[in-house]
2 protein chains.
Amino acid sequence: MKGTAVARANIAFIKYWGNLNDDLRLPMNGSISMTLDRLRTVTTVEFSPALAEDEIEVDGEEPSPAAKARIVAHLDRLRTLAGKPLKAQVVSVNDFPTGVGLASSASGFAALTLAAAAALEMELEDRELSLLARLGSGSATRSIWGGYVEWVAGAKHEDSFASQIAPPEHWEICDCIALVSTEAKEVASSEGHKLAQSSPLYSARLSQVREDLDRVREAILIRDFESLGSVAERETLSLHAIMMTSQPSLLYWTPATVRVMKEVRNWREEGRSVYFTIDAGPNVHLLTLPPYVGEIERALGEVEGVKQVIVCRPGQGARLIEEHLF
Amino acid sequence: MKGTAVARANIAFIKYWGNLNDDLRLPMNGSISMTLDRLRTVTTVEFSPALAEDEIEVDGEEPSPAAKARIVAHLDRLRTLAGKPLKAQVVSVNDFPTGVGLASSASGFAALTLAAAAALEMELEDRELSLLARLGSGSATRSIWGGYVEWVAGAKHEDSFASQIAPPEHWEICDCIALVSTEAKEVASSEGHKLAQSSPLYSARLSQVREDLDRVREAILIRDFESLGSVAERETLSLHAIMMTSQPSLLYWTPATVRVMKEVRNWREEGRSVYFTIDAGPNVHLLTLPPYVGEIERALGEVEGVKQVIVCRPGQGARLIEEHLF
């Protein structure tokens, strides 16, 4: 009763922000993302009658009580569904810094869902895995799939899952991530979602998102990078507009975030095809195409306040692997 | 036929952004501001049959062709109204840097309107001066008055003017201005107003502004600083949300803008009564009360990227003075 899975983070072009139902993590709007080839989580889960309680280790340490409770709640869902009330040992490793807005909960809960389902010998389709991953972390819904992925909002649990728009090899978009902070976020995304509707601008954002989902899906299918990038950049500003005007106000940006945003616009004016998108955190993701990625990576590394640049391309969905972590 | 007037900049708690009618500068929403005691413009206007064309000097230099055309158009309005088609000599001096978002057009067009009207021997009430100043620069409407001022949007020229909510001595709010840039703005406010309606969030902002106008007017009347400050801070984030999500997107903030915003929130958490508001530019206005102004001014001066701190208090409206500039 042991399973190990690898899953990857994803970068959303149209982002998830705000829930119709907090407990079920039913989102107020659909979202579209690209699963990344880097930013991996590997998780081994073993259920055993010999364990008196769940033992959980993430990156070699016991997680915070809040993080542990969230993982245990997710294990509970899966054990209940499988009808096997056994405690588990969970060991999880991220190959990137966690809690800095690099979507570690997406890769983490996608890997946990797949590994635990395998350990419990559940026979689940990708759609069911996507539904279950969502209950752990909204964006994990999308990380079940590789390449270009759409999460349809849905109005109830069974209808809110992701599916693939196109596989990774369809189009090589590069995501140059400018890491400007390695500190934990002041307000976790889970808490932020609850504040979304307190912004007076939130309904207007939702209307716009509905149009933008069609634009981005189409741009991916016909490989129109200018359309994809310009919608993604406007969309992320709309997201941060909601965060800033919610009550209390969330300002995830740092001085370096703004410096990078302005540089992206300068570089674009100079003829490079590059756009930015920013999740619920200070780091900036620069979307570009292969001809520009080398110079963008170099230029980004020289911007004051950028601590590290990680270049990602489209990656595979979550899958089981044979090498267990313990 | 010579007149000299002094007028002052103002800082809006609820800001003007977007026009119902661009030519008439009829705003989409009402606004409320405090006229400042510093940031003065002094302007002398003399009409004379001896002049073949208008001669205009601002801060010792001939203004740019666009700035000059805007001043000449304003002189035209006043000459036509007075029935005196004479050319004018205009000399104007600002005691603060212009074109950096410190509302030099507010003090400038308020002073120009009053000085030119006096030189043309027009007998105008403050309400009429406020209407006329609006045609030169929207926020100049408010700088005609001192203290706390509300500009009612109105649906036609005669209805869109400002009046005083309370005189300067009603309440001593301090505005500590953190000057983080002395460069000219990339996009002038006049151009920015035309983009407002391209933001998908703009209608939602207008609805919110209607509620906030009542809150801010009430907060001024009962001297409730927490209410005034919290609404003003949320309001400015809503304004910049519109700017960022308009097409094209306007990002007036610099890294130092964000650094100051974050410090304001830190200082508030430490118990200081201080809020920020930001006009269409990168500089940050810190609203506070007399007990805190000394330490805020000192702390602000030590923030990286802050080039100068200017402390303002409530000031008088535009008025004629005897000392001509030439």
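Predicted, not measured: the structure shown is a model, and the values here were computed from it. (Residues numbered from 1 in each chain as written. Chains lettered and ligands numbered in written order. Predicted model: local features only at pLDDT ≥ 70, side-chain atom pairs only at ≥ 80, totals over all residues. Heavy atoms only, no water.)

Here's the deal with helix 1 (residues 65-82) of chain B
Residue and element names in this part refer to chain B.
Okay, so step 1: Helix length check: helix 1 (18 residues) gives 25 Å between terminal C-alpha atoms against 26 Å at 1.5 Å per residue, within 8%.
Okay, so step 2: On the buried face of helix 1, the contacting elements are strand 4 (31-48), strand 5 (55-58), strand 6 (87-94), helix 2 (104-119) and helix 3 (126-136).
Okay, so step 3: Within two residues after helix 1, Gly83 carries a phi angle of roughly 70°, on the positive side. (Helix = DSSP H or I, 4+ residues; strand = E, 2+ residues; numbered from the N terminus. Expected span 1.5 Å × (residues − 1). Contact = heavy atoms within 4.5 Å.)

Considerations on the pairing of strand 9 (residues 174-179) of chain B
All names here are of chain B.
Okay, so step 1: Summarising burial for strand 9: six of the six residues are buried, a large majority.
Okay, so step 2: Of the two faces of strand 9, the one holding Cys174, Cys176 and Ala178 and the one holding Asp175, Ile177 and Leu179 are both buried throughout.
Okay, so step 3: Relative to strand 11 (residues 284-288), strand 9 is paired through five bridges, and the arrangement is antiparallel. Looking at the pairing, Ile177 lines up with His285 of strand 11. (Buried < 20%, exposed > 50% of the residue type's maximum accessible area, 1.4 Å probe, protein only. Pairing = 2+ DSSP bridges.)

Details of unusual backbone geometry
Okay, so step 1: Cis geometry is adopted by the peptide bond preceding Pro248(A), which originates at Gln247(A) and carries an omega value of 0°.
Okay, so step 2: Residue placement: Pro248(A) occurs in the loop between helix 7 (225-245) and helix 8 (255-269).

Digging into the domain arrangement of chain A
All names here are of chain A.
Okay, so step 1: When its domains are assigned, chain A resolves into domain 1 (2-168 + 315-321) and domain 2 (174-312).
Okay, so step 2: Relative placement of domain 1 and domain 2: their C-alpha centres are 23 Å apart.
Okay, so step 3: Each partner contributes residues to the interface: domain 1 has 31 residues there, and domain 2 has 46 residues.
Okay, so step 4: Carbon and sulfur atoms make up 69% of the area that domain 1 and domain 2 hide from each other, which totals about 3100 Å².
Okay, so step 5: At the boundary of domain 1 and domain 2, one finds two salt bridges.
Okay, so step 6: A salt bridge links Arg217 to Glu150; its shortest N-O distance comes to 2.6 Å.
Okay, so step 7: Where domain 1 meets domain 2, there are ten residue pairs in polar contact (both at pLDDT 80 or more).
Okay, so step 8: The set of elements that each furnish at least two residues to the side of domain 1 that touches domain 2 consists of strand 1 (2-14), strand 4 (31-48), strand 7 (148-151) and strand 8 (162-166).
Okay, so step 9: Residues that form the side of domain 1 that touches domain 2 fall into these classes: 17 nonpolar, seven polar and seven charged. (Domains from an automatic or database assignment. Buried area = accessible area lost by both parts, 1.4 Å probe. Salt bridge = Lys/Arg side-chain N within 4 Å of Asp/Glu carboxyl O. Polar contact = N/O pair within 3.5 Å; in protein donor to acceptor, adjacent residues only side chain to side chain. Nonpolar A, V, L, I, M, F, W, Y, C, P; charged D, E, K, R; others polar.)

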